[in-house]
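A structural walkthrough
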Amino acid sequence: MAEAARPATSKTGRLGRPVYLLTICQFLYYAGVSVDLTLTAVVGLEMAPTGALATLPLTLMTVTGTIASYATGMLSARYGHRSVLAVGACIAVTGGLVSTLAVQTDSFFTLCAGTGMVGVYRSTGGYFRFLAADLVPKASRTRALSTVLCGGVAAAIVGPWAATQSSGLVGAEFAGSYLLVSCLAFAVVPVILAVRPATPRPTEADSDADSDANSATEEETAQATRVRDVVHTSDFRRAFSLLAVSTGVMTMLMAVGPIGSKHAGHSLSQGAMVIQWHMVGMFAPALFSGRLTTAWGPRLTGMLGASLLVTGAGIGSLGTGMSAFMVSLGLVGVGWNLAYVSGSAYAVRCYPQGKGGRVQATIEGSTACVGAMASFSANLVFSQLGWTGTNLAALVLPLIVCVWLAVARTPEREPAAA
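Structural notes, computed from the coordinates. Please read all numbers here as calculations on a predicted model, not as lab measurements.

About the cut-offs
- Residues numbered from 1 in each chain as written.
- Predicted model: local features only at pLDDT ≥ 70, side-chain atom pairs only at ≥ 80, totals over all residues.
- Heavy atoms only, no water.
- Helix = DSSP H or I, 4+ residues; strand = E, 2+ residues; numbered from the N terminus.
- Buried < 20%, exposed > 50% of the residue type's maximum accessible area, 1.4 Å probe, protein only.
- Phe/Tyr/Trp six-rings, centres within 6.5 Å; stacked < 30°, edge-to-face > 60°.
- Lys NZ or Arg CZ within 6 Å of the ring centre and 35° of its normal.
- Core = buried A, V, L, I, M, F, W, Y, C linked by side-chain atoms within 4.5 Å.
- Contact = heavy atoms within 4.5 Å.
- Axes fitted to C-alpha atoms, helices over the stretch in contact; angles between N-to-C directions.
- Parallel < 35°, antiparallel > 145°, perpendicular 65-115°, else oblique.
- Left-handed = near helix turned anticlockwise from the far one by under 90°.

**Observations regarding unusual backbone geometry**
A negative phi angle is the norm for most residues apart from glycine, just as the trans form is the norm for most peptide bonds. One non-glycine residue, D106, adopts positive backbone phi at about 55°. Locating D106 in the fold gives a position in the loop between α3 (81-105) and α4 (108-122). Looking at D106, the relative accessible area reads 58%, which means it is exposed. Even without being a glycine, F174 presents a positive backbone phi close to 80°.

Spelled out as structure tokens, the structure:
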């Protein structure tokens, strides 16, 4: 990963231009993905040949993202994050166009193909933060992680609103929304390619090293931290637990949120508002969650995040009014953010900077598997348990994680290898 070989920051202590460019990429990414998250379950419900298949397009987006998550990390370890992330955005451009064609022709299975391609793009979203963590000094890694997530704050406001406002701009209803997905993904490409470490160009004395760049890349890949060397560490276990559980709970409740809202008699715009506030909850805490994690440590921050997931699901089980939906999914979003940032802080402790491609691939791929299972089972769980029962089922795992973190008092420290 050539772009991650040397950390970069400004002399004034700011995170530097690359991190802020990655924040823009994260905004464009989440703004585009939020369109699918806001509308696809509802569109699927209208276009599916049977109600049981309503969440299939959303599930395929998660499944393809799951498969691609591991590959993204491994390819990033080989070719660098920038190239892989740019290719992922190009695939999303195609996926958005296919989804546009699907609603124009009323083809449910074409919609599945389009959302499946967007799922490949969705698998890249977590790697923006890992690239940022590789481009700053070790002491600033957690802050860089949360700063990149700040891009989701604006996306949380713009994305769901743009999804509904653009739905009738091109032909059939929702065609304009999926065309917007392509436009936002296309905008990512030039920005991610502009991300470069703030390091001086090599001098003539470095010409020999430049001529052997391919060998250096292979050596970096060979030296990447092996998963089997860290999988039994407490940092890895905590990273996986926080990321997987928070992603699973958030994905399930977000998937059934629009359907539950519609079943409760709320309008499409009200359902979009629920997702909008959920996404605000997901990303607004990024303004302070990095500093909070640095001050408190990832264990206490992770406990707080898990507790909020439990609280949000508990409130959701109390009723089907708009206030219950908004407060529940809002708190679930906040809990996800704190658990996600603290889990990511544990993850980057598992490897030296620039050598984490394999560890990233394993964590992201495993987390995506949990998200895929949550998405796939969401409609079934909702049909059997309803909104109240789904929330009660969702609060069990974060409650277990919270208790486990409270009991496990392993010292908070950076591993010697890092």
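Having put the structure on the table, let's press on.
**Points about the packing of aromatic side chains**
Overall, the coordinates contain nine aromatic pairs when judged by the stated rule. A ring pair is formed by W336 and Y340, whose centres lie 4.5 Å apart and whose planes are at 25°; its orientation type is stacked. Remark: Y340 and W336 occur in helix α16 (residues 322-348); sequence separation between them is four residues, near one turn of the helix. Assessed through its relative accessible area of 7%, Y340 is described here as buried. One aromatic cluster in this structure is built from Y29, Y30, Y121, F128, F283, W336 and Y340. Here the guanidinium or amino end of R129 rests over the ring plane of F130, the centre of that ring lying 4.2 Å away.

**Focus: the nonpolar core**
Of all hydrophobic cores here, the largest spans 111 residues; its most connected members are L22, V43, Y121, F128, V188, I192 and F283. At 15 residues, the largest contribution of residues to this core is made by helix α1 (residues 17-47). Once you skip the residues sitting within four places of it in the chain, L22 turns out to touch F128, L131, A132, L135, V148, I192 and V195.

**A closer look at the packing of helix α15 (residues 298-316) against helix α18 (residues 396-407)**
Closest axis-to-axis distance for the α15/α18 pair is 8 Å, and the angle between their directions is 155°. Classified by the interaxial angle, the pair formed by α15 and α18 is roughly antiparallel. Considering only the axes of α15 and α18, their crossing is left-handed. Taken together, the residues of α18 that come into contact with α15 (itself represented by R299, G302, M303, A306, S307, L309 and V310) are P398, L399, C402, L405 and A406.

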